[in-house]
Amino acid sequence: MTNPYQPQPSPYITTPAPPGRPRMFNSTIAKVIWILVPIVTIGIGAAVPFVVAAVKGVVKPWLAIVYVAAEVLILGISTAVSPDGESPFAGLLLVFLIVASATHTALLDNDRVAIGK
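Residues numbered from 1 in each chain as written. Predicted model: local features only at pLDDT ≥ 70, side-chain atom pairs only at ≥ 80, totals over all residues. Heavy atoms only, no water.

Draft legend 1. Quick look at the overall build of the protein. The helix and strand tally for the protein stands at 4 helices and 0 strands. From first element to last, N terminus to C terminus, the protein shows the α and β order α-α-α-α. Across the 117 residues of the protein, 25% fall into the buried class. Considering only intrachain contacts with a sequence separation of at least 6, the fraction spanning at least 24 residues in the protein is 64%. Surface summary for the protein: the accessible area is close to 8,200 Å², and the carbon and sulfur share equals 72%. (Helix = DSSP H or I, 4+ residues; strand = E, 2+ residues; numbered from the N terminus. Buried < 20%, exposed > 50% of the residue type's maximum accessible area, 1.4 Å probe, protein only. Contact = heavy atoms within 4.5 Å. Areas by Shrake-Rupley, 256 points an atom, 1.4 Å probe, with all protein chains shown as cover.)

Structure (structure tokens):
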């Protein structure tokens, strides 16, 4: 005999419940390749992992927009400060952009980070 007070599954739900949040990386190799994107492109592709993550639904679109705007701002400032490329400040900005982007890309699938997810 069944307990009438125990909750029963709804007859209207025929599909299984979706898993949690979508994942950005399917394997460790994929994670390493995505982390290398901002490093190999020397900062020009720093926002690419975040745009792809927004399309996949891993992060909210506003985070990708902020990352694209920050990349354009940093590259614009580094070019405006020293158009001939002789300023160490421009190189420092690019190094910060590359390091920050690679680090944040590595944290895209971290469950402890809740900002933008």
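Draft legend 2. Structural view of helix H1 (residues 28-40). If you check H1, its first and last C-alpha atoms are 18 Å apart, about what 13 residues at 1.5 Å a residue would give, namely 18 Å. Looking at the residues trailing H1, positive phi occurs at Ile 42, about 55°. (Expected span 1.5 Å × (residues − 1).)

Draft legend 3. The environment of Phe 89, seen in detail. The residue Phe 89 is located in helix H4 (residues 88-106) in this model. With sequence-adjacent residues up to four places away left out, Phe 89 is seen in contact with Ile 77 and Val 81.

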